[in-house]
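Close look at the chain arrangement
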Amino acid sequence: MHIPDGYLSPPVLGLAGATSLATVVAASRRASGALDESRVPLMGVMGAFVFAAQMINFPVAAGASGHLLGSALLAITLGAAPAMVVMTAILAIQALLFQDGGVLALGANVLNMAVAGVGAAAWAFRLLDGGRRRRLAAFAAGALSALVAACLALAELGASGIRIPAGALAATLGVFSLTAVLEGVITAAVLAALERLQPTLLERPRPAARPLLSGLLLASLLLATGGFLVASALPDGLERLAEVLGIVGLERPLMAAPLPDYEAPWLPAPWFRKAAAGLLGLAAAAALCWAGGKWIAKWRNA
Amino acid sequence: MDCEVAQRVGPRHFIFDEWSRGHSPLHRLDARAKLAATLALLLATSLWKDSWVLLALYPLPVLLARLPLPALLWRAALVLPFSSLFALMSWWGGDPQRAMALLWKPYASALWVVLLMAATPLEDVLAAAARLGAPRLVLEVMHFIWRYLGVLSEQAWRLRTAALARGADRSFEVSASSVAVLLASSYERAARVHRALLARGAGRFH
């Protein structure tokens, strides 16, 4: 799901943009530092591959058909950091030349699909891969990447104040779950076919997996996404949580009126403040998780 | 590239290559200025609730650049299926004013992006973005994607035809193996591209 321009509120745009810019800069540093220069043409050609592969339809029940989304397959074949860079480039081309997703909203779309989607796929695959479980790992990577990206997109829309009726939200979530399952099945099928065709392609040295850390990160990502989605759907519960945590008092001076024009009649101010509180809470939780992860990694390496 | 195949696989994106090679004051303007102006217009569209008045100016640069106005208006309409879906949901949720904004804001934003890309070749936009500080590796990958999009789309189209002849409309496996063939040959193509670049004296990319 590519979010177009004009949908997201400035705080959501800013936070998503800053997060994805920082991640993509770090990922491109890691991708160009760890890999030799032959990988730059490879990354470009693989980006074009994702576009081209979407022309090949996969039959689903009742005459409907789907196609590959690609972020999980990229994460598995290229590794997480290069796949994030390639996915970002794909999203930028789509925004500029295909009118698929907005240019200002690029930060949010990169966060959903290139950062969270690729990250979730890479973690899931690394966690589960091994011997006969490869098909399961590929399925989990594909399904998770699509699900995490879609839930994040819905959460961003919710945080921007777009209210979706409960019935429509349920239908949307149902469609997203089906898409996620389909992406998982396609990723697993393509990987199985690739192993029959050219078994050497996927054999590359992997860094030793850290199942505990990866599991923790994956669980926190899922929790944050799901919890945030529920919170956006039920803002009253979120407000209570904000009161309990004392965020409400904190968030008021911060959100006083940086953009008074934006608090337009069609944007109910309390909702806006609640959404901002939610985002602030999410950012704090993410920072805590990151710091905790760093500490665990240091402690384990010591 | 075979012209007929090009029409089939990519009438949607090759049109910008045609438009952006024109000669006009707008085409000659520094790409950085055009990029910055587009971003400013997008911000205005996103933040100002009456920003549709800016669209009254839209025909001016289009006519100045001798671009086909109806084709540009139609091109930007690609955003409408998605935005009308969420506008409908918002309307149903009891917020008609927001529903209207969800409908016209993406369209107005797309109009400005279409104008930028119709008046500026992609490589100039990428060079401008690099000079404005965008991550270079991402821009290089974008360049390669654009260069090989047509080549790989043509190959995918042939694979698709072959797969349909083998019953891909019924068999998941046939589609999966077509994508796997495309992936493996993309790897080989990338290795050939790299050797060709080295043979022509390309140094490190960074």
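It should be emphasised that the depicted structure is a prediction, and the values quoted were computed from it without experimental measurement. (Residues numbered from 1 in each chain as written. Chains lettered and ligands numbered in written order. Predicted model: local features only at pLDDT ≥ 70, side-chain atom pairs only at ≥ 80, totals over all residues. Heavy atoms only, no water.)

1. So, the overall build of chain A
Looking only at helices and strands, chain A has eleven helices and two strands in total. Each helix (α) and strand (β) of chain A, taken in turn from the N terminus, gives the series α-α-β-β-α-α-α-α-α-α-α-α-α. Residue pairs in contact within chain A that sit at least 24 positions apart in sequence constitute 79% of those at least 6 positions apart. (Helix = DSSP H or I, 4+ residues; strand = E, 2+ residues; numbered from the N terminus. Contact = heavy atoms within 4.5 Å.)

2. Re the environment of Ala128 of chain B
Residue and element names in this part refer to chain B. The residue Ala128 is located in helix H9 (residues 122-131) in this model. Separated by 69 residues in the primary sequence, Ala128 and Pro59 have C-alpha atoms spaced 25 Å apart. The residues touching Ala128, leaving out its near neighbours within four places in the chain, are Ala31, Arg32 and Leu35.

3. Considering the pattern of salt bridges
Considering all chains together, one arrives at nine salt bridges over all chains under this definition. Across the pair Arg32 of chain B and Asp30 of chain B runs a salt bridge whose closest N-O atoms are separated by 3.1 Å. Classification of Asp30 of chain B by relative accessible area gives partly exposed; the value is 38%. Close ionic contact of Glu154 of chain B with Arg158 of chain B constitutes a salt bridge, the shortest N to O distance being 3.9 Å. Residue Glu154 of chain B and its partner Arg158 of chain B are located together in helix H10 (residues 136-165), separated by four residues, close to a single helical turn. You can call Glu154 of chain B buried: its relative accessible area is 18%. A single salt-bridge network, built from bridges that share partners, covers Arg163 of chain A together with Asp95 and Arg98 of chain B. (Salt bridge = Lys/Arg side-chain N within 4 Å of Asp/Glu carboxyl O. Buried < 20%, exposed > 50% of the residue type's maximum accessible area, 1.4 Å probe, protein only.)

4. What to know about a nonpolar patch on the surface
Together, Trp48, Trp52 and Val53 of chain B line one region of the surface with nonpolar side chains, adding up to about 300 Å² of accessible area. By the secondary structure assignment, Val53 of chain B is in the loop between helix H4 (31-47) and helix H5 (59-64). (Patch = residues over 30% accessible without salt bridge, like charges linked within 9 Å, V, L, I, M, F, W, Y side chains within 5 Å. Areas by Shrake-Rupley, 256 points an atom, 1.4 Å probe, with all protein chains shown as cover.)

5. Quick notes on the interface of chain A and chain B
Where the parts come together, the accessible area they lose is often given as the size of the interface. Tallying the contact residues gives 80 residues for chain A and 80 residues for chain B. Between chain A and chain B, the buried area comes to about 7100 Å², and carbon and sulfur atoms account for 78% of it. Our count for the contact surface shared by chain A and chain B stands at two salt bridges. Across the pair Glu173 of chain B and Arg196 of chain A runs a salt bridge whose closest N-O atoms are separated by 4.0 Å. Here chain A is connected to chain B by six residue pairs in polar contact (both at pLDDT 80 or more). Element by element, the count of residues in the side of chain A that touches chain B is highest for helix H2 (residues 39-53) of chain A, at 13 residues. The residue makeup of the side of chain A that touches chain B, split by class, is 60 nonpolar, 15 polar and five charged. (Buried area = accessible area lost by both parts, 1.4 Å probe. Polar contact = N/O pair within 3.5 Å; in protein donor to acceptor, adjacent residues only side chain to side chain. Nonpolar A, V, L, I, M, F, W, Y, C, P; charged D, E, K, R; others polar.)

6. As for unusual backbone geometry
Even without being glycine, Gln99 of chain A reaches a positive phi, approximately 50 degrees. Mapped onto the elements of the fold, Gln99 of chain A is located in the loop between helix H4 (80-97) and helix H5 (106-128). By relative accessible area, Gln99 of chain A is classed as buried at 5%. Although it is not a glycine, Arg66 of chain B adopts a positive phi angle of roughly 50 degrees. Following the sequence through the fold, Arg66 of chain B ends up in the loop between H5 and helix H6 (69-76).

7. A few points about helix H8 (residues 96-119) of chain B
For H8 of chain B, which comprises 24 residues, the first-to-last C-alpha distance of 35 Å matches the rise-based estimate of 34 Å (1.5 Å per residue) to within 8%. Within H8 of chain B, 18 of the 24 residues are buried, which leaves it mostly tucked inside the rest of the structure. (Expected span 1.5 Å × (residues − 1).)

8. Quick notes on H6 of chain B
Residue and element names in this part refer to chain B. Taken residue by residue, H6 has Leu72, Arg75 and Ala76 as its buried positions. Seen along its axis, H6 keeps its buried residues to an arc of 95 degrees; they face one direction. Counted as exposed and oriented over 90 degrees from the buried face of H6: Pro70 and Trp74. (Arc of directions from axis to C-beta.)

9. Focus on the side chain of Asn109 of chain A
Mapped onto the fold, Asn109 of chain A is located in helix H5. Setting aside chain neighbours within four positions, we find Asn109 of chain A in contact with Met1, His2, Ile3, Leu91, Gly101, Gly102 and Ala114 of chain A.

10. Observations regarding the confidence of the model for chain A
Caution applies to low-pLDDT parts of the model: their predicted coordinates are not meant to be read in detail. Confidence along chain A averages 78 in pLDDT terms, with 65% of residues attaining 70 or more. When mean pLDDT is taken per element in chain A, H4 of chain A scores highest with 94 and helix H10 (residues 247-254) of chain A scores lowest with 43. (pLDDT = per-residue confidence, 0-100.)

11. Things to note about the packing of helix H6 (residues 134-159) of chain A against helix H7 (residues 166-197) of chain A
Residues and elements named next belong to chain A. Where H6 meets H7, the axes come as close as 7 Å, and the angle between the chain directions of the two elements is 150 degrees. Considered as vectors, H6 and H7 are oriented roughly antiparallel to each other. Crossing hand, H6 versus H7: right-handed. A class-by-class count of the residues in the contact of H6 with H7 yields 17 nonpolar, six polar and four charged. (Axes fitted to C-alpha atoms, helices over the stretch in contact; angles between N-to-C directions. Parallel < 35°, antiparallel > 145°, perpendicular 65-115°, else oblique. Left-handed = near helix turned anticlockwise from the far one by under 90°.)

12. Things to note about the confidence of the model for chain B
Taken as a whole, chain B shows an average pLDDT of 87; of its residues, 91% reach a score of 70 or greater. Note on residues 1-8 of chain B: pLDDT is under 50 here. Beyond four places in sequence and across chains, it has eleven contacts.

13. Comments concerning the packing of H7 of chain A against helix H11 (residues 172-199) of chain B
Running from N to C, H7 of chain A and H11 of chain B cross one another at 60 degrees; their axes reach a closest spacing of 8 Å. Helix-helix and strand crossings are classified by hand; for H7 of chain A and H11 of chain B the assignment is right-handed. Side by side, H7 of chain A and H11 of chain B meet where Leu182, Val185, Ile186, Ala189, Val190, Ala193, Leu194, Arg196 and Leu197 of chain A of the first sit next to Phe172, Glu173, Ala176, Ser177, Val179, Ala180, Val181, Leu183 and Ala184 of chain B of the second. The class makeup of the residues in the contact of H7 of chain A with H11 of chain B is 15 nonpolar, one polar and two charged.

14. Regarding the packing of aromatic side chains
Each aromatic ring pair is summarised here by two numbers: the centre-to-centre distance and the angle between the ring planes. Scanning the model with the defined rule gives eight aromatic pairs over all chains in all. Geometrically, the ring pair formed by Phe16 of chain B and Trp19 of chain B is edge-to-face, given 5.6 Å between the ring centres and 85 degrees between the ring planes. Of the two residues, Phe16 of chain B and Trp19 of chain B are both situated in helix H2 (residues 11-19); the distance of three residues between them amounts to about one turn of the helix. One exposure class covers both Phe16 of chain B and Trp19 of chain B, and it is buried. Of the aromatic side chains, those joined through ring pairs into one cluster are Tyr7 of chain A together with Phe82 and Phe86 of chain B. (Phe/Tyr/Trp six-rings, centres within 6.5 Å; stacked < 30°, edge-to-face > 60°.)

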